[in-house]
Amino acid sequence: MKTAVATADREKLIIGGRAFSSRLIIGTGKYRSHEEMRKAHDASGAEMVTVAVRRVPLDRSSESFLDYLNPALQILPNTAGCYSTEDAVRTARLAREALQTDLVKLEVIGDQTTLFPDNEQTLEAARILVKEGFVVLPYFNDDLIMAKKLLDAGCAAIMPLAAPIGSGLGVQNPANLRIMREQLPDATIIVDAGVGTASDAAIAMELGADGVLMNTAIAEAEDPTKMATAMKLAIEAGRLAYLAGRMPKRLYASASSPLENVIK
C-alpha cells in the first residue's frame, strides 16, 4: 500500500507536454452564480477548466464567467455547439487566437437530442487541427476502433463518454472503457460526460481512466462546493484503487481467516 500511495503522489497527468497534479477537469456552465462557480473550482483542486468558445465573449466586451476564473487554471477551450467539421475547426482557430492556447477539446455533435458525437466528422476535424499544431482532445463515443483512429491522427488524449452529456447516468458501458484501457495502455484516456456523483467518478478511475472531465454533476448539485470536494476525493481514491489492483471476483465465499493451522 505504501508503494501505491507513493506512486499516486508522484504521478502527473501529462497532456501536450503539460503536467497536472489533479486528474479532475472541470467546466464552467450551469452554475447559479459566478461566485458559486469560483468556490466549487477552488474546492475541486482542479488545474484545468474547459470553456465553451461559442458561449462566451472572448473579447471581454461584457462580464462573463471568464472574469471569475482563477488565473492559475489552465484553460481548455472546447468546440461545444459545433455540428460540422468546418464549424469545429473554425471555432478552434478562434479560441487559439483569443485565449492564446493550442489546447482544444474537440466536439462535433451529431444529434441534437442525445448530443452524441459525430465520430467521423470528429476524426476529420482532429486530423486538420493536429496538422495545424493544436493539442487535440476529442470527445467521442466509447468505441475502441475510433479511439485508435484518433490516436493515429495524433490526438494528445482521447475523451470517451461515460453516458450522454449532462445525464448523470454514470458509466454505462464499463466493459468498453476497460477494453480501451487494456488495448491502449500508453494512451491518455479522460472520461467525459455522464458522471453524476462521486461514485461514478471513482468507477471511471478504477477502470483505468487517466482523468475525468465533468461539469453538470458539480454545477447542478445542491451544494456544488461539497460535491466538488467529493469529486476530488473520488478521483484520488479511484486512481489509487486502480494502481493497487483489486482482488479477484469470486462466485463463492472465501474466509477472511484461513482454516490452515487453526487450533483444534
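Our subject is the structure that appears above.
These numbers come from a predicted model, not from an experiment. (Residues numbered from 1 in each chain as written. Predicted model: local features only at pLDDT ≥ 70, side-chain atom pairs only at ≥ 80, totals over all residues. Heavy atoms only, no water.)

**Q** Please explain the side chain of arginine 181 as it appears in this structure.
**A** Within the fold, arginine 181 resides in helix α6 (residues 174-183). Reaching out from arginine 181, the side chain makes a polar contact with the backbone oxygen of leucine 184 at a distance of 2.7 Å. A polar atom in the side chain of arginine 181 sits 3.4 Å from the backbone oxygen of proline 185. Once you skip the residues sitting within four places of it in the chain, arginine 181 turns out to touch Asp186, Ala187, Ile189, Leu207, Gly208, Asp210 and Tyr242. (Helix = DSSP H or I, 4+ residues; strand = E, 2+ residues; numbered from the N terminus. Polar contact = N/O pair within 3.5 Å; in protein donor to acceptor, adjacent residues only side chain to side chain. Contact = heavy atoms within 4.5 Å.)

**Q** What's the story with the state of the cysteines in this structure? I'm lost.
**A** Every disulfide links exactly two cysteines, by a covalent bond between their sulfur atoms. Throughout the structure, instances matching the rule amount to zero disulfides. Take cysteine 82: it sits in no disulfide, and the sulfur closest to it among the cysteines is that of cysteine 155, at 16 Å. On the basis of relative accessible area, cysteine 82 is assigned to the buried category, the value being 0%. (Disulfide = S-S within 2.5 Å. Buried < 20%, exposed > 50% of the residue type's maximum accessible area, 1.4 Å probe, protein only.)

**Q** Just to check I follow, could you spell out the pairing of strand β5 (residues 74-78) for this structure?
**A** Looking along a regular strand, one sees side chains alternate from face to face of the sheet. In terms of burial, β5 is a largely internal element, four of the five residues being buried. In the sheet, strand β4 (residues 48-52) pairs with β5 via five bridges, with the strands oriented parallel. Bridge pairing links threonine 50 to leucine 76 in β5. (Pairing = 2+ DSSP bridges.)

**Q** What am I meant to see in the packing of helix α3 (residues 85-99) against helix α4 (residues 119-131) here?
**A** Two quantities define a packed helix pair, namely the angle between the helix axes and the distance between the axes. Where α3 meets α4, the closest approach of the two axes is 9 Å, and the angle between their N-to-C directions is 40 degrees. Relative to α4, the crossing made by α3 is right-handed. The segment α3 lies against α4, with Thr85, Val89, Ala92 and Arg93 engaging Gln121, Glu124, Ala125, Ile128 and Leu129. When the residues that make up the contact of α3 with α4 are grouped by side-chain class, the tally is five nonpolar, two polar and two charged. (Axes fitted to C-alpha atoms, helices over the stretch in contact; angles between N-to-C directions. Left-handed = near helix turned anticlockwise from the far one by under 90°. Nonpolar A, V, L, I, M, F, W, Y, C, P; charged D, E, K, R; others polar.)

**Q** Teacher, can you tell me more about the nonpolar core here?
**A** Within soluble globular proteins, side chains that are nonpolar generally end up buried alongside one another. Formed by 39 residues in total, the largest nonpolar core has its most connected members in Val212, Met214, Ile218 and Met231. For this core, the elements supplying multiple residues, two or more each, are β3 (24-26), α2 (34-44), β4, α7 (198-206), β10 (211-214), α8 (216-219) and α9 (224-244). Setting aside residues no more than four positions away along its own chain, valine 212 makes contact with Arg23, Leu24, Ile25, Ile190, Val191, Val195, Ala201, Ala204, Met205 and Ile235. Of all hydrophobic cores here, the second largest spans 25 residues; its members include Ala126, Phe134, Cys155 and Ile189. (Core = buried A, V, L, I, M, F, W, Y, C linked by side-chain atoms within 4.5 Å.)

**Q** Help me understand the packing of aromatic side chains, please; the structure alone is not making it clear to me.
**A** The description of two aromatic rings rests on the distance between their centres and on the angle between their planes. Applying the stated rule across the entire model yields zero aromatic pairs. In this structure, arginine 96 is placed above the aromatic ring of phenylalanine 134, and the distance from its NZ or CZ to the ring centre is 3.8 Å. Above the plane of the ring of tyrosine 139 lies lysine 105, whose end atom (NZ or CZ) is 5.7 Å from the centre. (Phe/Tyr/Trp six-rings, centres within 6.5 Å; stacked < 30°, edge-to-face > 60°. Lys NZ or Arg CZ within 6 Å of the ring centre and 35° of its normal.)

**Q** Looking at this structure, I do not really get α7. What am I missing?
**A** Structural remark: α-helix, 3.6 residues per turn; residues separated by three or four positions point the same way. Where α7 is concerned, the buried positions are Ala198, Asp200, Ala201, Ala202, Ala204 and Met205. On its buried face, α7 sits against β9 (190-192), β10 and α9.

**Q** What exactly am I supposed to notice about helix α5 (residues 144-152) here?
**A** Residues of α5 that are buried include every one of Leu144, Met146, Ala147 and Leu150, and no others. Along the axis of α5, the buried residues cluster in a sector spanning 160 degrees; they form a single face. Lining the buried residues of α5 we find α4, β7 (135-140) and α6. Its side-chain oxygen at 3.2 Å from the backbone nitrogen of isoleucine 145, aspartate 143 defines the N-terminal cap of α5. In the segment just after α5, glycine 154 is the residue with positive phi, at about 105 degrees. (Arc of directions from axis to C-beta.)

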